[in-house]
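Next come the chains, spelled out residue by residue.
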Amino acid sequence: MTELASPPVEKAQDVRRISHWIGGRVVEGESGRSGPVYNPALGRQTGAVDFASAEEIDLAVQAAKAAFPAWRATSLSKKSAILFEVRELVHDHREDIARILTAEHGKVLSDALGEVARGLEVIEYCCGIPELLKGGYSEQASTGVDVYSIRQPLGVVGGITPFNFPAMVPMWMWAPAIACGNTFILKPSEKDPSASNYVAELLKEAGVPDGVFNVVHGDKVAVDAVLEHPDIVAVSFVGSTPIAKYVYETATRNHKRCQALGGAKNHMIVLPDADIDMAADAAVSAGYGSAGERCMAVSMVVAVGHAADELVDAIKERIPNVKVGDGMDPASEMGPLITGEHRDKVAAYVENAPAEGATVVVDGRNGGAPDEGFFLAPSLLDDVKPGTKAYDDEIFGPVLAITRVETYDDAVRLVNENPYGNGTAIFTRDGGVARQFQFDVQVGMVGVNVPIPVPVAYYSFGGWKNSLFGDLHVYGPEGIDFYTRGKVVTSRWPDPATSKVDLGFPQTR
């Protein structure tokens, strides 16, 4: 009998089993352990996901390892053709994927469709892999000698992904990884695992060979097995900073290449010359979209000078218009949080804010959301100071905080002194100030009058400081670099009659 990590709240026959995908087929877990999967809008368990043992991780690794030689040898043209098929199938089934996301994560359907669309952009970028893997060639580098560079795949690589983007973030990883010729093992979040299995079936239908893409579910046991397995040569991770640090340290200690993207505390600076209505619209959209469960969500608004009072009033005025409800309802603009425990944790920041000197302008605990499910309506805090939990912590929920400063320099100092460095934005009408801001700020992704500056697929995504452990960001050019390694070939085809022994240092002139 499969043991659940916590008791189910529905009858056993109502709970769907979610198993692994290994070697091109569904493989039921045999560890005897599983975890609950909920519909957050209903607050009810709908699934039980198998938790992999170390032995089951090894089964997936062996499937990926066996598939690697043939996949590596597959021509770039063939890989590109398969990726085009993947792109078409994901596009054709985008609504199916989005409904899975809404059912298990809770985000509204329009947001789920947007997530799939942004993931598709990365797949589309990777369809151009013949161009992306072009090397350099130098003819006649020395007399009769040519030199050229190539990039080759690493082997079996792994991805460990978060609950907040169950489709998009895996696409950021597996699309460039398999395009470059690697085979891939995905360990998605155990909170909303079904989208990964569904996409695995689409990849198989598109012609991705068995074993090239595998999905294993689980908790820390599975994560550690991925990080410690000697045949996995690289690991990508997106999640909280403490776990990102753990993943990076464990992976590199086991001689793996690793990119581990951590948490964020994204500041949006609003200068006195900004269009306040535009800034307020952006703050509400970026703060409460997806219930604030985004690593690029705006969680701190830094109001400079006399912009503060007008901005707070404008944001407060907009909050009652945010429709909170079941993500399947087309009228809903914001759904529930992922679990009841996380909702309660987020609500505690609002409860404790006055004791830390902040003002609760809008309290999301007092109505505005359905009683059933894991809902919390938007909250707005004012006068939030550095050093308080509401300022320092990554809340990851629908709580928008305002901090007030006098000058531009004060605002930039707040951003640069923050231990996170994922994203930031500035709202201003002054192009010179905006240009100075992108020069001054110590953050990986910067928006100018853009509240959520997630880069397009042909750039790369990632932060600085405690928001990134490793050297390379995900997807885009840096993603291609991460999943390949360079090789330089020096070639000469001399006339045998000219061959001689020369013990001197090689010369090029």
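For the structure, see preceding data.
Residues numbered from 1 in each chain as written. Predicted model: local features only at pLDDT ≥ 70, side-chain atom pairs only at ≥ 80, totals over all residues. Heavy atoms only, no water.

1. Concerning the overall build of the protein chain
If you tally the helices and strands in the protein chain, you get 16 helices and 24 strands. A globule of 509 residues ought to have a C-alpha radius of gyration of about 23 Å, and the protein chain, at 25 Å, matches this closely. Here the analysis covers contacts within the protein chain between residues at least 6 apart in sequence; of these, 72% occur between residues at least 24 apart. For the protein chain, the exposed surface amounts to about 21700 Å²; the carbon and sulfur share of it is 52%. Within the protein chain, the 67 negative side-chain charges are centred at a point lying 6 Å from the centre of the 45 positive side-chain charges. (Helix = DSSP H or I, 4+ residues; strand = E, 2+ residues; numbered from the N terminus. Rg over C-alpha atoms; globule rule 2.2 N^0.38 Å. Contact = heavy atoms within 4.5 Å. Areas by Shrake-Rupley, 256 points an atom, 1.4 Å probe, with all protein chains shown as cover. Lys, Arg positive; Asp, Glu negative; His and termini not counted. Charge placed at Lys NZ, Arg CZ, Asp CG, Glu CD.)

2. Regarding the pairing of strand β18 (residues 399-405)
Of all 7 residues in β18, 6 are buried, a share of seventy percent or more. With 5 bridges joining them, strand β15 (residues 298-304) and β18 adopt parallel strand pairing. Note that in β18 the partner of valine 304 across the bridge is valine 405. Here strand β17 (residues 379-382) runs beside β18; their pairing, made up of 3 bridges, is parallel. Paired with serine 379 across the two strands is valine 399, which belongs to β18. (Buried < 20%, exposed > 50% of the residue type's maximum accessible area, 1.4 Å probe, protein only. Pairing = 2+ DSSP bridges.)

3. Remarks on the packing of aromatic side chains
One pass over the full model with this rule turns up 11 aromatic pairs. On the basis of an interplanar angle of 75 degrees and a centroid distance of 5.9 Å, the ring pair of tyrosine 38 and phenylalanine 374 is categorised as edge-to-face. Highlighted residues: tyrosine 38 in strand β5 (residues 33-39) and phenylalanine 374 in the loop between β16 (359-362) and β17, separated in sequence by 336 residues. Here tyrosine 38 matches phenylalanine 374 in class, with each residue buried. Every member of this aromatic cluster is reached through a ring pair, and the members are Trp172, Phe461 and Tyr475. Lying over the aromatic face of tryptophan 71, lysine 79 brings its terminal NZ or CZ to 5.6 Å of the ring centre. (Phe/Tyr/Trp six-rings, centres within 6.5 Å; stacked < 30°, edge-to-face > 60°. Lys NZ or Arg CZ within 6 Å of the ring centre and 35° of its normal.)

4. Things to note about the pattern of salt bridges
Should the charged atoms of two oppositely charged side chains come close, the side chains can pair. Under the counting rule described, the total for this entry stands at 26 salt bridges. Between lysine 134 and glutamate 131 there is a salt bridge, with the nearest N and O atoms lying 3.6 Å from each other. Considered together, lysine 134 and glutamate 131 belong to a single accessibility category, that of exposed residues. In this structure, aspartate 275 and arginine 429 form a salt bridge, with 3.8 Å as the shortest nitrogen-oxygen distance. A residue pair is termed long-range when its members are at least 10 positions apart, and aspartate 275 in the loop between β14 (266-270) and α10 (276-288) and arginine 429 in the loop between β20 (423-427) and α15 (431-440) qualify at 154 residues. For aspartate 275, a relative accessible area of 30% translates into the label partly exposed. One salt-bridge network, held together by shared partners, links Asp309, Asp382, Asp383 and Arg404. (Salt bridge = Lys/Arg side-chain N within 4 Å of Asp/Glu carboxyl O.)

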